[in-house]
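Remarks on the overall topology
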Amino acid sequence: MIDLHTHSSVSDGTETPAQLVRAAVAAGLGTIAITDHDSTAGWQGACVAAAGTGLTVIPGMELSTRHGWRSVHLLAYLFNPLDGGIIAETGRIRDARLTRAESIVQRISADYDLEWGDVLAQTTEGATVGRPHIADALVAKGHVANRSAAFESILHPRNGYFEPHYAPDPLEAVRLVVAAGGVPVLAHPATRGRDNVIPENKIALLVEAGLFGLEIHHRDNTESGKERLFELAREFDLAITGSSDYHGEGKPNRLGENSTEPDVLERIIDAGTGTTPFRS
Ligand code: AMP
Ligand code: FE
Ligand code: FE
Ligand code: ZN
């Protein structure tokens, strides 16, 4: 089983990279990609923990991008983590996320007992901060029952506390990943159904820039959206991946609930030139 989308406490997963790796071994997976939001800080811990277990770790990341008002996630595999463009852009996104989270908390604090320190208490040093950490603080304060309840209420954009953060355009992000020797795959591109899949002309531009694949087998893609994605994959000769988007206890998603075919993994490994898979 090959699961190419997992998160650790380096971003908004609830397990450290080492715990994530142990969970993957316990679940009987053969390969995982560690794909924290906008950070490569979990790579080393994951590889150290994987040593001797037989698990293969694909170094990766889920890069935040924005197309107009819409947040678009781009999975990136096997890029050079010391590439200047990657370091500068991920640093810029993480800084913007921090300022934005503080601003969201400030607005929430007008109506709820919540302070920035409550959110910091839910993050590990240097982690990519996001709404999940604010959600955890709201849970700890007893305002909501769990992360999902927080996202459906206080953190939902319709409720006035939300604000977006800086993120590059998807096209710029694909170029950045390719320039760093990486392999870009659009994450869960059909979470809002067939009619909301990124338009064909935009996909064509991403493919021209080096987009490698589409994450079609993901629980958040709708059935009608998946049909459209299969059409696009055929039309543009894109690889099809499947993965869990595991966040530990932060989401119901379970390791290995979707899987990527071995030949697709081999093609990703062949295409990635920025770093190598960690084979234990
Ligand atoms: P942000 O990037 O800070 O706007 O937060 C979005 C992140 O929150 C995504 O990466 C998801 O992993 C996570 N997320 C979104 N909805 C939920 C939910 N209902 N429960 C838990 N986590 C969620
Ligand atoms: Fe997340
Ligand atoms: Fe995502
Ligand atoms: Zn994710």
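Our structure's up above, just so we're on the same page.
This section reports on the structure supplied with the text. A quick note: this is a predicted structure, and the numbers were derived from the prediction, not measured.

This paragraph deals with the coordination of the iron ion (ligand 3). Each protein donor to the iron ion (ligand 3) is listed here as Glu62 (OE), His73 (ND1) and His188 (NE2); together their distances run 2.0 to 2.2 Å. Coordination of the iron ion (ligand 3) draws on donor residues from a single chain, spaced E-x10-H-x114-H in sequence. The two metals, the iron ion (ligand 3) and the iron ion (ligand 2), are separated by 5.5 Å. Separated by 115 residues along the polypeptide, histidine 73 in strand β4 (residues 70-77) and histidine 188 in the loop between β5 (183-186) and α8 (200-209) bring together distant segments of the chain. Grouping residues by exposure puts histidine 73 and histidine 188 together as buried.

Moving on, we come to the environment of aspartate 270. Relative to the assigned elements, aspartate 270 resides in helix α10 (residues 262-271). Looking at aspartate 270, the relative accessible area reads 60%, which means it is exposed. Sequence spacing of aspartate 270 and leucine 78 is 192 residues, and the spatial spacing of their C-alpha atoms is 9.9 Å.

Another aspect to go through is the pattern of salt bridges. Across all of its chains, the model carries 13 salt bridges by this definition. With its nearest N and O atoms 2.8 Å apart, the salt bridge here joins arginine 147 to aspartate 136. Placement of arginine 147 in helix α6 (residues 147-152) and of aspartate 136 in helix α5 (residues 131-140) is noted, with a sequence separation of 11 residues between them. Judged on exposure class, the residue arginine 147 and its partner aspartate 136 are both buried. With its nearest N and O atoms 3.1 Å apart, the salt bridge here joins glutamate 231 to arginine 194. Remark: arginine 194 occurs in the loop between β5 and α8 and glutamate 231 occurs in helix α9 (residues 223-236); sequence separation between them is 37 residues.

Conventions adopted
- Residues numbered from 1 in each chain as written.
- Chains lettered and ligands numbered in written order.
- Predicted model: local features only at pLDDT ≥ 70, side-chain atom pairs only at ≥ 80, totals over all residues.
- Heavy atoms only, no water.
- Donors = N, O, S within 2.8 Å, 3.2 Å for Na, K, Ca; no water.
- Helix = DSSP H or I, 4+ residues; strand = E, 2+ residues; numbered from the N terminus.
- Buried < 20%, exposed > 50% of the residue type's maximum accessible area, 1.4 Å probe, protein only.
- Salt bridge = Lys/Arg side-chain N within 4 Å of Asp/Glu carboxyl O.

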